[in-house]
Amino acid sequence: MGNLPLSFLPPKNWQDFEQLTTDMARLRLHGDFEKYGRQGQSQHGVDIYGCDNNYKNAGLQCKLKSNSKTITHKIIDDAIELADYFTPKLDRFIIATTSLRDVKLQEHINLINYKRKNKSLPKIELWTWELFEEEINKHSELSYFYYENILKQFDQYNKDKHILSLLKNSLTRPAFSTPFTSENSCDDFINAVTDTQRAFNTGKLYDRDRNLLASAYAGKNLSGQEDRDEIKKIETILQKIRDFTTDNLKNGNIEQKANFLHFKNNWEQKISETLNSDRKQIIEAMNNILTRNNIEEINSYFTKH
């Protein structure tokens, strides 16, 4: 979204806020979440229910507040009292609100969790509107879906450029910018290739510690057919690199030493030559796409050799 995050107004009706919270839960908790029950049914204070990436079940309650009102301690306490009786038992209970972040509310939540510690009760979290804004800025698919008009006003509405910016970043890591003879860890190289595959396939870019860096639509969602064809070509080569490297490591043609890689029979196997050639094809294909979309090309070892 650029260097400075955009500010967004909360939805005006509870249905839109509930849908936004559902989508945010899926992205932030990396799990499957859906609306729970329907209006008028007993929900034990849970509007949205699902499991996160650690198979922990979570319930969320949405509290839409106008600018002149804020969530109170009583509202929080009443919601928790209902959620404690939810079946199956919750591991975490999240109160999502359009209220702004407030130190007194945070202190109240912290005190509640302290008193509930070691009592097999769900952990309580409070998602205020600032957190929503952070996630909307981080996940371009949220901003496109819910705030298309705002993006147009700021002249930032270009889905293709958001996708290509993420894919370009996924290819600027050392695994795609240096010759294979300069690699010192085969595991790191394979992991980097895998992370780049994930960026192309899912639109999610992670760092080495599994922290989400950016999010966009997957490469297959680019507008131009020519661009989509080149994306498929890149994805095919990425899988080839991964399989080729794994097979040669397994067969002993690549040996992991203390601080470097040794290529057994490299003259016959052409391991480094093959991997350098494949990565050069990827960078060239990506630069073709970037050029067509008026984006600066990737500058790496493979663009100079």
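Residues numbered from 1 in each chain as written. Predicted model: local features only at pLDDT ≥ 70, side-chain atom pairs only at ≥ 80, totals over all residues. Heavy atoms only, no water.

**Q** How should the overall build of the protein be read in this particular structure?
**A** Each helix and strand counted, the protein has 11 helices and 9 strands in total. Among the 305 residues that make up the protein, the fraction classed as buried is 46%. Counting only contacts in the protein whose residues sit at least 6 apart along the sequence, the fraction spanning at least 24 positions is 66%. Summed over its atoms, the accessible surface of the protein is roughly 16,900 Å², and 46% of this surface lies on carbon and sulfur atoms. (Helix = DSSP H or I, 4+ residues; strand = E, 2+ residues; numbered from the N terminus. Buried < 20%, exposed > 50% of the residue type's maximum accessible area, 1.4 Å probe, protein only. Contact = heavy atoms within 4.5 Å. Areas by Shrake-Rupley, 256 points an atom, 1.4 Å probe, with all protein chains shown as cover.)

**Q** Honestly, the pairing of strand 7 (residues 212–215) in this entry has me stumped. Any pointers?
**A** Within a regular beta strand, the side chains point alternately toward one face of the sheet and then the other, so they alternate between its two faces. In the sheet, strand 6 (residues 204–206) pairs with strand 7 via 3 bridges, with the strands oriented antiparallel. Opposite Lys204, over in strand 7, you have Ser215 as the bridge partner. From the end of strand 6 to the start of strand 7, which pair antiparallel, there are 5 residues, and Arg210 there has a positive phi angle of about 70°. (Pairing = 2+ DSSP bridges.)

**Q** Any chance you could explain unusual backbone geometry here in plain terms?
**A** Glycine aside, negative phi is the norm for most residues, and most peptide bonds take the trans geometry. Following Thr87, the chain continues to Pro88 via a peptide bond in cis, the omega torsion being 0°. Among the secondary structure elements, Pro88 is positioned in the loop between helix 2 (73–83) and strand 4 (92–97). Its identity as a non-glycine residue notwithstanding, Ser120 has a phi of 55°, on the positive side. Assignment of secondary structure puts Ser120 in the loop between helix 3 (103–116) and strand 5 (123–127). Ser120 sits in the exposed class, given a relative accessible area of 59%.

**Q** Would you mind going over helix 1 (residues 14–28) with me for this structure?
**A** Structurally, the α-helix is built with 3.6 residues per turn, so residues lying three or four positions apart point the same way. Here helix 1 is 15 residues long and its end C-alpha atoms lie 20 Å apart, about the 21 Å a rise of 1.5 Å per residue gives. By the burial criterion, the buried members of helix 1 are Phe17, Glu18, Leu20, Thr21, Thr22, Asp23, Met24, Ala25 and Leu27. Where helix 1 starts, the residue carrying a side-chain oxygen 3.3 Å from the main-chain nitrogen of Gln15 turns out to be Asn13. His30 lies just past helix 1 and shows a positive phi near 55°. (Expected span 1.5 Å × (residues − 1). Polar contact = N/O pair within 3.5 Å; in protein donor to acceptor, adjacent residues only side chain to side chain.)

**Q** Whenever I open this one, the pairing of strand 2 (residues 48–51) confuses me. Can you help?
**A** Bridge count between strand 1 (residues 32–35) and strand 2: 4 bridges; the pairing is antiparallel. When the sheet's bridge partners are listed, Phe33 is paired in strand 2 with Gly50. Pairing of strand 2 with strand 3 (residues 57–63), which is carried by 4 bridges, proceeds in the antiparallel orientation. From the neighbouring strand, Gly50 faces strand 3, where its bridge partner is Ala58.

Just geometry here; none of it tells us what the structure is for.
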